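Breakdown of the fold
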Amino acid sequence: MSSKLLEVKGLSKAFLGIKANDDVQLSIHAGEVHGLIGPNGAGKTTAISLLSGELRPDSGQVFMDGKDITNLSAWRRIHMGLARSYQISRIFPDMTLLQNVQVSLQIAHGHSFRFVAPAFGSHGDEALAMLAKLGLEDRAHDLASSLAHGLRRELELAVILARKPRMLLLDEPMAGMGKTESIRITQLLEQLRGQVTMLLVEHDMDVVFQLADRISVLVQGHVVATGTPEDIAKNPQVRAAYLGGEDHDG
Amino acid sequence: MNKLALASLMILLGLAVPHLAEAVGDPFLTTMATRMAIMGMAVASLGFLVGFAGLVSFGHAAFFGIGAYVVAILFKHHSEASPIPFLPFAWEGSLSGMVQLPLAFIASFLFALLVGALSLRTRGVFFIMITLAFAQMLYHFMISLPDYGGEDGLSIWERSQVPGLDLYNDYDFYYLCFGLLVGVLLLLRMIIHSSFGVIIRAASQDEARLATLGVPVFRYRLLAFALAGGIAGLSGALAANLYEFSGPGLMHWSRSGEMLVMLILGGMGSLFGGVAGAIMFIGLEEILAGWTEHWALILGPILIMVVLFAHGGLMGFFSRGRS
Amino acid sequence: MDSILLIEQSLNGLQLGMMLFLLASGLTLTFGIMGIINLAHGVTYMLGAYIAASVMAATSSFLLAVLAGMGFAGLMGLLMEFTILRRLYERDHLDQVLATFGIILVANEATKMVFGPQALFMAPPEYLNKSIQLADGLQYPLYRLVIILVGLLVVLGLRHLILNTKLGMLIRAGATHRATVAAMGVNIAQVFTLVFGLGALLAGLAGAMAAPLLAVQVGMGENILILTFVVIIIGGLGSVRGAFAGAMLVGLVDTFGRAILPLLLAAILPPETASGLGNSLSDIAIYLLMAVVLIIRPEGLFMIKGKR
């Protein structure tokens, strides 16, 4: 198989004594779409934040390209190509769509410690092209705060993709989306397949089973199974976790 | 009216102030305008922090006070021909504005760097309170130094010597302050629109997003905080010259509160809001004080009314009126 | 330091702590529940002191003086809430700072006009104005002991109120789940007004009790207000238990700082420098305490979970 881009070994994190992630093992291959599913409260968002560097694990390690990045702060991880989206899209609300992408490009080009030249004079065309990719170019000069929920998510993706990440951590990209919006995002992610490795946390099982090459199942902070969508669909442990755990002695 | 025209008009008006004062036969107005320019500079730097970087500092008067003390201490040692004790090298101070004013900026900048480094890990109301705490510490520290006047502060017998200007001439002094104010506003404007400024503004809108886009937010905020502190120090150095005095009272928390009040009064959406607030506050104080000794009874309700009914301060009021 | 001095200073610290708690409990509740920064909280303290001093001068009844100070402060608190502050709950902290600063200006000036610019002095009542012997060689003013006692009664009373009454349940719930409380059909505005009035009442009590210990003058409210903010920040906003811990901590640190620092400095510096420096440094001590607490725990010691 292909090489491991991201590897997680024994990652644990507790809040006030409650284990959100307990000895999580994951390995994500370069180029794949890796689904991460699990019932509510299984610790999926915690896992994403541990990988993005916004939370520090109590124990365990995270490797990217074989390098230990466990103690690397969030802002350094993206310089290695690791980007994330949030369940509630995070953008810069008081800037226009174009400016949102321009900020991201400015950071990508690494020249934010400059004090003289007006910032929004540069990267305009590149930013517009990025917005066009997501069909947002008509609204380039609107304030981001004026966007409806679904379009915010698309803008967030545009902002992230401007950073040209190698690996995307997607925290429920379909949450709160309508049917058509959901299809658009699915298509977009489908287009990115192969160019960007993805860890996809998602509640919409249809989407996960359609997009993912492999799926891991997180139950009570623990990865109980990893495999192809077919394997996962047949796995009795997974079925037990989702259909209620009475008949399961885990 | 577009912004450029408005700015030009304000600058012309500012330049004309001493002549207008003379025309109406009240030269005291020039001194009042000098006070407005000095406070305007300090409040504009606070506005840069609060309005653009989203950092509400309740200790800005500390930096203002440091600037004032730099002038007073350099003067004191110069006049006594005594070396400054806390320096590693022997230096007997200076009267030159070209030394005093830059040093005031640098000293406040460095102190703000220290305060910021310790404070910027807190957020919101905790940031408000920790900046207040550091300012109060400095206030009490200055009181504890009898060599520098303790509670009574230091008087300054000689104003700074600036080449080509005589600071004992009200016009010269005013034009120095006004010129520096315009320079500071242009500098802050340039920074706000620069790459650095965009990062600062983005950080106030969504810090987590900025961090996961790859920005070490803390460093940018720290520099912005120190820069605002430095500017407040410069304005404090001018104030020390105007009052011919520096004392711990300049750093008291109520002075920091007053600066915030001026800022909110003027509005935070634009850099000029801080200046407008300073002009209004000082103007109101002067007018009301000339009218009744109980001016606070009138100023208080005005502040409350501004909050309740003119949301966004004076500048917000006008920009709403226009749109 | 010998044990007599140690006990004496501990009692002094306790007394200051109780005073601060009376102020901090109201401030932390109004901040924790309504999210409001009320700079004018010190105003009710000042009014309590002025009214108490005046009533004492007129009637010579200490009990009446304290009740009048409390009552008036409570009423002024209700008035402030009703006319101005309730319009600011949803507003930015900065707006609250500006409006309550305006209230301070008005209240201080009005007080100066009514009572004159000179400070008022209030003698403690005859029956409390003596020292009692606590131990061999330890005389302690009875009045200060009474303050500690009153503070303890308020602590117990608040504890009962918060743990065992419907209002207390709403206060606890209001601090963390405001929307839930509103959804239960409770008139949250009424709860707010009540809590605000209670906070002002306690501040007034603190002012009235403090009046015999210090000069009653304009500006006294702002001085103690900053200390009170230090207390609730250290304790964690919205937590009455935190306010109590913070108040005790600040009271003791401040008192011991004042007692010990000059002694320590005297060992290394000439005496007059040492006492001056010692006094200022002990002023610094509590701010240092707050800064250290915030640097280690950026949200205070007893932060209520899930609250900004």
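Residues numbered from 1 in each chain as written. Chains lettered and ligands numbered in written order. Predicted model: local features only at pLDDT ≥ 70, side-chain atom pairs only at ≥ 80, totals over all residues. Heavy atoms only, no water.

Turning our attention to the overall build of chain B. When its secondary structure is counted, chain B shows 13 helices and two strands. When the backbone C-alpha atoms are referred to their principal axes, chain B occupies close to 60 × 55 × 40 Å. Taking all 323 residues of chain B together, 58% fall into the buried category. Across chain B, contacts joining residues at least 24 apart in sequence account for 74% of those joining residues at least 6 apart. In the form shown here, chain B has an accessible surface area of approximately 12,400 Å², with 68% of it arising from carbon and sulfur atoms. Chain B carries 14 positive and 18 negative side-chain charges, and their two centres are separated by 21 Å. (Helix = DSSP H or I, 4+ residues; strand = E, 2+ residues; numbered from the N terminus. Buried < 20%, exposed > 50% of the residue type's maximum accessible area, 1.4 Å probe, protein only. Contact = heavy atoms within 4.5 Å. Areas by Shrake-Rupley, 256 points an atom, 1.4 Å probe, with all protein chains shown as cover. Lys, Arg positive; Asp, Glu negative; His and termini not counted. Charge placed at Lys NZ, Arg CZ, Asp CG, Glu CD.)

Right, let's talk about the pairing of strand β4 (residues 59–64) of chain A for a bit. A regular strand carries its side chains on alternate faces of the sheet. All names here are of chain A. The pairing of strand β1 (residues 4–15) with β4 spans five bridges and is classified as antiparallel. Opposite lysine 9, over in β4, you have glutamine 61 as the bridge partner. As defined by bridge partners, β4 adjoins strand β5 (residues 67–68) across two bridges and the pair is classed as antiparallel. Across the sheet, phenylalanine 63 pairs through a bridge with aspartate 68, a residue of β5. The antiparallel pairing of β4 with β5 creates a hairpin that spans two residues between the two strands, and aspartate 65 there sits at a positive phi of about 50°. (Pairing = 2+ DSSP bridges.)

Another point: unusual backbone geometry. Residues and elements named next belong to chain A. In this model, aspartate 23 sits at a positive phi of 55°, which is unusual for a non-glycine residue. The backbone phi angle of histidine 123 is positive, close to 65°, even though this residue is not glycine. By secondary structure assignment, the location of histidine 123 is in the loop between α3 (97–108) and α4 (124–133).

Opposite the 24 residues of chain B that make contact, chain A presents 33 residues. Taking both sides of the interface into account, the surface hidden between chain B and chain A amounts to around 2,400 Å²; carbon and sulfur atoms contribute 66%. The largest share of the area that chain B buries against chain A comes from B:Gln205, B:Arg209 and B:Leu213, three residues that together contribute 28% of it. Seen at the junction of chain B and chain A, the total is two salt bridges. (Buried area = accessible area lost by both parts, 1.4 Å probe. Salt bridge = Lys/Arg side-chain N within 4 Å of Asp/Glu carboxyl O.)

For the structure shown, the criterion picks out 17 aromatic pairs over all chains. Arranged with centres 6.2 Å apart and planes meeting at 65°, the rings of B:Phe58 and B:Trp253 form a pair that is edge-to-face. Within this pair, whereas B:Phe58 is found in the loop between α2 (28–52) and α3 (60–80), its partner B:Trp253 is found in helix α10 (residues 253–266), the two being separated by 195 residues in sequence. According to the relative accessible area criterion, B:Phe58 is buried, its value standing at 4%. Ring centres 5.4 Å apart and planes at 85° place the aromatic pair C:Phe21 and C:Phe244 in the edge-to-face group. One end of the pair, C:Phe21, is in helix α1 (residues 3–34); the other, C:Phe244, is in helix α10 (residues 240–266), and 223 residues separate them in sequence. Take C:Phe21: its relative accessible area is 1%, and that puts it in the buried class. For C:Phe244, a relative accessible area of 27% gives the class partly exposed. When the ring centre of A:Tyr86 is taken as origin, the NZ or CZ atom of A:Arg84, which lies over that ring, is 4.0 Å away. One Lys or Arg, A:Arg90, reaches over the ring of A:Tyr86 and ends 5.1 Å from the middle of that ring. (Phe/Tyr/Trp six-rings, centres within 6.5 Å; stacked < 30°, edge-to-face > 60°. Lys NZ or Arg CZ within 6 Å of the ring centre and 35° of its normal.)

Before going further, it helps to spend a moment on the sheet that holds strand β2 (residues 18–29) of chain A. Residues and elements named next belong to chain A. Reading across the sheet, the four strands line up as β2-β1-β4-β5 and stay open at both edges, with antiparallel pairing between neighbours. With partners counted over all chains shown, the strands left at the sheet margins are β2 and β5, one partner each. Together, β1, β2 and β4 form the strand contacts of helix α1 (residues 44–52), whose direction differs from that of β1 by roughly 120°. (Axes fitted to C-alpha atoms, helices over the stretch in contact; angles between N-to-C directions.)

With 254 residues, the main nonpolar core has A:Val101, A:Leu131, A:Leu155, A:Leu168, A:Leu189, B:Leu210 and C:Val250 as its most contacted residues. Top contributing element to this core by residue count: helix α9 (residues 217–243) of chain B, with 16 residues. A domain split of this core shows at least three residues from each of domain 1 (1–81 + 165–250) and domain 2 (91–164) of chain A. Those residues in contact with A:Leu155 that lie beyond four places of it in its chain are A:Ile91, A:Leu97, A:Asn100, A:Val101, A:Leu131, A:Leu136, A:Ala144 and A:Leu147. By size, the runner-up hydrophobic cluster in this structure holds 24 residues, among which are A:Ala47, A:Leu50, A:Leu51 and A:Val201. (Core = buried A, V, L, I, M, F, W, Y, C linked by side-chain atoms within 4.5 Å. Domains from an automatic or database assignment.)

Let us now look at the sheet that holds strand β10 (residues 222–227) of chain A. Residue and element names in this part refer to chain A. The strand order across the open sheet built from six strands is β6-β7-β8-β3-β9-β10, with neighbouring strands paired in mixed fashion. If you trace the sheet from one side to the other, it starts and ends with β6 (82–85) and β10, each paired once. When the angles between neighbouring strand axes are averaged without regard to direction, this sheet yields 15°. Strands β3 (33–37), β6, β7 (167–171), β8 (197–201) and β9 (214–219) of the sheet are contacted by α1, whose axis makes an angle of about 150° with β7.

Let's shift gears to the pattern of salt bridges. Should the charged atoms of two oppositely charged side chains come close, the side chains can pair. Within the structure shown, the criterion is met by 25 salt bridges over all chains. When the shortest N-O distance is used, the salt bridge between A:Asp58 and A:Lys13 registers 3.9 Å. Here A:Asp58 is found in the loop between α1 and β4, whereas its partner A:Lys13 is found in strand β1, with 45 residues between them in sequence. For B:Arg209, the salt bridge goes to A:Glu156, with nearest N and O atoms at 2.8 Å. In this pair, B:Arg209 is assigned in helix α8 (residues 207–212) and A:Glu156 in helix α5 (residues 149–161), connecting two distinct chains. Each of A:Glu54, A:Arg84 and A:Asp171 takes part in one network of salt bridges that share partners.

Time to look at the interface of chain B and chain C. With 39 residues of chain B at the contact, the number on the chain C side is 38 residues. Buried surface at the junction of chain B and chain C, both sides included, amounts to about 3,800 Å², of which 85% is carbon and sulfur. Linking chain B to chain C there are zero salt bridges. Our enumeration of links across chain B and chain C arrives at four residue pairs in polar contact (both at pLDDT 80 or more). Across the side of chain B that touches chain C, the residue classes tally to 29 nonpolar, seven polar and three charged. (Polar contact = N/O pair within 3.5 Å; in protein donor to acceptor, adjacent residues only side chain to side chain. Nonpolar A, V, L, I, M, F, W, Y, C, P; charged D, E, K, R; others polar.)

Residues and elements named next belong to chain C. The predicted model of chain C has a mean per-residue pLDDT of 87, with 93% of residues at 70 or higher. Model confidence for chain C, summarised as mean pLDDT per element, is weakest for helix α7 (residues 178–183) at 68 and strongest for helix α2 (residues 41–59) at 96. Here the complex is predicted with pTM 0.90, and the ipTM for its interfaces comes to 0.90. (pLDDT = per-residue confidence, 0-100.)

Residue and element names in this part refer to chain A. Every second residue of β6 is oriented toward a common face, with Leu82 and Arg84 on one face and Ala83 and Ser85 on the other, all of them buried. When β6 meets β7, the two strands line up parallel, connected through four bridges. Along β7, the bridge assignment pairs leucine 82 with methionine 167.

In this section: a nonpolar patch on the surface. Residues and elements named next belong to chain B. A cluster of nonpolar side chains, namely Leu6, Leu9, Met10, Leu13 and Leu20, defines an oily patch on the protein surface of about 420 Å² accessible area. Structurally, leucine 20 can be placed in helix α1 (residues 3–23). Of the residues examined, leucine 20 reaches a relative accessible area of 45% and is grouped as partly exposed. (Patch = residues over 30% accessible without salt bridge, like charges linked within 9 Å, V, L, I, M, F, W, Y side chains within 5 Å.)

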